[in-house]
Amino acid sequence: MSKAFEKLRRRRDAKKQLTEINKNRNNVVVIHYSCESFYDRPDGTSPRITSIAVRNWVLGQTVSFSIHQIAERDKKLSIESINVHYDELEKKMLKEFYDYAEKYKNNTWLHWNMRNINYGFAALEHRYKVLGGKPLEIHESCRCDLSLLLHWLYGRDYVEHPRLESLVEKNSLTHPNFLKGPDEAKAFENSEYVKLHQSTLCKVDIISYIADRAVDTTLKTNAKLTGIYGNYFVFAMEKMKENWFFALFGIIGSVASITSWIRGC
């Protein structure tokens, strides 16, 4: 029972957090980025960043930063030129991103699983430091991981891994520019930077749509009551707390049971 109540506590926290960011959605930006594969890196180098997209949750306007955009401005758009000058172009791209982020550092940054040095805010900061830059720190209190919130709301098995891809299919959010993880790694190996950029833009939109559906409770998942609440008793208790009708129904049911028992005696 203690595990069920712990699960319920996390669910309540997640609902509260989702409600709060929705109330202040004018100050929410959604971020996603693409990079070189962070698996199988025997030399220990950090994965290069390819593109970053930041979307205003309310207005839907998106600002993006990408290798090929910087290369075009610097007259180095050929694949050969990009690959030769990649570090230089990447540093400029990250500088532009952090200059932009400075304006919104106190906003809520909604993201998908950007939690560690492999893939996350720390990875962006580290990469910019490697290139000689001084990154802005987006404080942890301003970050909100939508993937973790959904885990707490719907339970561990609410959808199959990889979860973002599964949610896209289950909620009919498929898009021709959407690249799966292995496809992104392959695109980087093939120097298909425009394709990676388009996928990043697509995914930042999708994360926004998933957040919208989570807020209005229309997000489709595989979640079951036991997965969400732990057991049916905790579910009934929570519903009685949330809804007076369920509470009244529970009281009537209890009274009816007691009355029936008395009559039986």
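Provided above is the structure to which this section pertains.
These lines cover the structure that appears in this document, whether it is placed above or below. Only a predicted model underlies this, so the values are computations on that prediction, with no experimental measurement involved.

The next subject is the packing of helix 8 (residues 181–189) against helix 9 (residues 193–215). Between helix 8 and helix 9, the shortest axis-to-axis distance is 8 Å and the interhelical angle comes to 150°. Taken together, the axes of helix 8 and helix 9 lie roughly antiparallel to each other. From helix 8, Glu184, Ala187 and Phe188 reach across to helix 9, where they touch Tyr193, Lys195, Leu196, Ser199 and Lys203. Class assignment for the residues of the contact of helix 8 with helix 9 results in four nonpolar, one polar and three charged.

Moving on: the packing of aromatic side chains. Counted according to the given criterion, the structure contains 13 aromatic pairs. With a centroid separation of 5.4 Å and 20° between ring planes, the pair formed by Tyr98 and Tyr128 is classed as stacked. Taken as a pair, Tyr98 in helix 4 (residues 86–103) and Tyr128 in helix 5 (residues 121–130) lie far apart in primary sequence, 30 residues in all. Judged on exposure class, the residue Tyr98 and its partner Tyr128 are both buried.

By size, the foremost hydrophobic cluster in this structure holds 36 residues, and its most contacted members are Tyr33, Ile52, Val54, Phe97, Trp109 and Leu124. Secondary structure elements with two or more residues in this core: strand 1 (28–35), strand 2 (49–56), helix 2 (67–73), helix 4, helix 5, helix 8 and helix 9. Looking at this core element by element, the count peaks at eight residues for helix 4. The contacts of Trp109, once residues within four sequence positions are left out, are Val29, Ile31, Val54, Phe97, Ala101, Tyr104, Phe121, Ile138, Cys142, Arg143 and Cys144. Ala53, Trp112, Tyr158 and Leu164 belong to the second largest nonpolar core, which has 31 residues in total.

Before going further, it helps to examine the side chain of Ser46. Within the secondary structure, Ser46 sits in the loop between strand 1 and strand 2. A residue is classified by how much of its surface remains accessible, and Ser46, at 15% relative accessible area, is buried. Among the polar contacts listed, one links the side chain of Ser46 to the side chain of Arg127, at a separation of 3.1 Å. Residue contacts for Ser46: discarding those within four places in its chain leaves Glu36, Arg41, His126, Arg127 and Val130.

Parameters at a glance
Residues numbered from 1 in each chain as written. Predicted model: local features only at pLDDT ≥ 70, side-chain atom pairs only at ≥ 80, totals over all residues. Heavy atoms only, no water. Axes fitted to C-alpha atoms, helices over the stretch in contact; angles between N-to-C directions. Helix = DSSP H or I, 4+ residues; strand = E, 2+ residues; numbered from the N terminus. Parallel < 35°, antiparallel > 145°, perpendicular 65-115°, else oblique. Contact = heavy atoms within 4.5 Å. Nonpolar A, V, L, I, M, F, W, Y, C, P; charged D, E, K, R; others polar. Phe/Tyr/Trp six-rings, centres within 6.5 Å; stacked < 30°, edge-to-face > 60°. Buried < 20%, exposed > 50% of the residue type's maximum accessible area, 1.4 Å probe, protein only. Core = buried A, V, L, I, M, F, W, Y, C linked by side-chain atoms within 4.5 Å. Polar contact = N/O pair within 3.5 Å; in protein donor to acceptor, adjacent residues only side chain to side chain.

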